[in-house]
Amino acid sequence: MQTSAKQNYSWNRKNEFNAILMFIVMAVVSAVMLFPFFWLLSSSLKAVSEIFVNPPIWIPETLHWENFGELFLKRSFGIITWNSVLLSTTFTVVTLFLCSLGGYAFAKYEFRGKQILFVFVLASLMIPHEATMVPLFVIYKQLHLIDNIWGVILPDLANAFGIFFMRQYCRSLPDEMLEAARIDGCSEFTLFRKVVLPNLKSAFAALGIILFVKQWNNFLWPVVILRSKENLTLAVAIKALEDSNYTPYHLIMAASVISVIPLLIVVLVFQKQLISGLTEGSVKG
């Protein structure tokens, strides 16, 4: 009995030591990962002359909140931020719906050429966006979508990654459940809306965060197609702050903070759903 008690005590002590060690390691890693954001936040509240001094000033004596005021009052970053929120949210919602339709069709319907068509969908992932920019620009110019928010949204709707992602989830839905709904008189769209969609919540959360972050940080296509200042997104507007004669790094830092905060909020709010969705997706299909 004494030997067993000693072994249990030793085992508990070892587990406690491992837990403490793991906590220390994770704390150090977290500090390293958060340091760039701390430096970004600190620099956004400095005068431009304080950003590159040596030794560096970690916390400025005077907090220059007027950096953010200049962005919103003089550089129209209020409407620019709203443009990014509206564009990213609209893109995410519409893409989730279209990709879920495509994924469900590939997972649960049988039709001629299904596998070949799915191979073509996946093959589109290998085509770089740069290769399609010129023909897309010509088409969108003819459709009068230049300098239009829909011109930014449309190219990536129903994208191959989203269709593949949703297909993996839809394959796990029991065929018996779908057949029972059909027997009860559900039309195909009603079946999709009332039976399939409620079972894809974790998939929507995981894919939705990926799509939102992707569109929020999208730079190349918006900088090509957007023209007027009132239609710019944050990624493009931050780049536009640069000047050949003078670069206001303090404003760029402040604008970068504005750009990062919504992403942090989205990830922190939906982190459980994101982890759950990615974990479930890794074992399905």
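Above this text is the structure in question.
We now turn to the structure provided with this report. The model shown is predicted, which means the values in this text are computed figures rather than measured ones. (Residues numbered from 1 in each chain as written. Predicted model: local features only at pLDDT ≥ 70, side-chain atom pairs only at ≥ 80, totals over all residues. Heavy atoms only, no water.)

1. A few points about the nonpolar core
Inference 1: By size, the foremost hydrophobic cluster in this structure holds 39 residues, and its most contacted members are Tyr104, Phe165, Met166, Val196 and Leu200.
Inference 2: Ranked by residues supplied to this core, first place goes to helix 3 (residues 77-108) with seven residues.
Inference 3: When sequence neighbours within four positions are dropped, the list of residues in contact with Tyr104 reads Tyr109, Cys170, Leu178, Arg182, Glu188, Leu191, Phe192 and Val196.
Inference 4: Counting residues in hydrophobic clusters, the runner-up holds 23 residues, among them Phe77, Trp216, Ile238 and Ile252. (Core = buried A, V, L, I, M, F, W, Y, C linked by side-chain atoms within 4.5 Å. Buried < 20%, exposed > 50% of the residue type's maximum accessible area, 1.4 Å probe, protein only. Helix = DSSP H or I, 4+ residues; strand = E, 2+ residues; numbered from the N terminus. Contact = heavy atoms within 4.5 Å.)

2. A closer look at helix 5 (residues 129-142)
Inference 1: In this model helix 5 runs 20 Å from its N-terminal to its C-terminal C-alpha over 14 residues, within 8% of the 20 Å that 1.5 Å per residue would give.
Inference 2: If you look at helix 5, its biggest bend is around 30°, right at Pro135.
Inference 3: Positive phi appears at His144, one or two residues downstream of helix 5, with a value of about 60°. (Expected span 1.5 Å × (residues − 1). Bend = angle between axes of the 7 residues up to and from the residue.)

3. A short note on the packing of helix 4 (residues 114-123) against helix 7 (residues 160-170)
Inference 1: Following both chains from N to C, one finds helix 4 and helix 7 inclined at 130°, their axes separated by 8 Å at the closest point. Between helix 4 and helix 7, the crossing angle belongs to the class labelled oblique. The chirality of how helix 4 crosses helix 7 is left-handed. When helix 4 is examined against helix 7, the residues Phe118, Val121 and Leu122 are found in contact with a partner set consisting of Ala160, Ile163, Phe164 and Arg167.
Inference 2: Across the contact of helix 4 with helix 7, the residue classes tally to six nonpolar, no polar and one charged. (Axes fitted to C-alpha atoms, helices over the stretch in contact; angles between N-to-C directions. Parallel < 35°, antiparallel > 145°, perpendicular 65-115°, else oblique. Left-handed = near helix turned anticlockwise from the far one by under 90°. Nonpolar A, V, L, I, M, F, W, Y, C, P; charged D, E, K, R; others polar.)

4. Quick word on the side chain of Ser42
Inference 1: For Ser42, the location among the structural elements is in helix 1 (residues 2-44).
Inference 2: In this view, Ser42 contacts Ile57, Trp58, Ile59 and Pro60; residues no more than four positions away in its chain are not counted.

5. A look at the side chain of Asn67
Inference 1: Positionally, Asn67 belongs in helix 2 (residues 66-74).
Inference 2: Taking the relative accessible area as the measure of exposure, Asn67 reaches 4% and is therefore buried.
Inference 3: In contact with Asn67, not counting residues within four places along its chain, are Ser44, Leu45, Lys46, His250, Leu251 and Ala254.

6. What to know about a nonpolar patch on the surface
Inference 1: Side chains of Phe17, Leu21, Met22, Val25, Met26, Val29 and Met33 sit close together on the surface and give an oily, nonpolar patch of about 710 Å² of accessible area.
Inference 2: By secondary structure assignment, the location of Val25 is in helix 1. (Patch = residues over 30% accessible without salt bridge, like charges linked within 9 Å, V, L, I, M, F, W, Y side chains within 5 Å. Areas by Shrake-Rupley, 256 points an atom, 1.4 Å probe, with all protein chains shown as cover. Salt bridge = Lys/Arg side-chain N within 4 Å of Asp/Glu carboxyl O.)

7. Observations concerning the state of the cysteines
Each disulfide consists of one covalent bond between the sulfur atoms belonging to two cysteines.
Inference 1: For the structure on display, the rule yields zero disulfides.
Inference 2: Sulfur of Cys170: no disulfide; nearest cysteine sulfur belongs to Cys99 and is 11 Å away.
Inference 3: Given a relative accessible area of 0%, Cys170 falls into the buried group.
Inference 4: No disulfide involves Cys186; its sulfur sits 16 Å from that of Cys170, the nearest cysteine. (Disulfide = S-S within 2.5 Å.)

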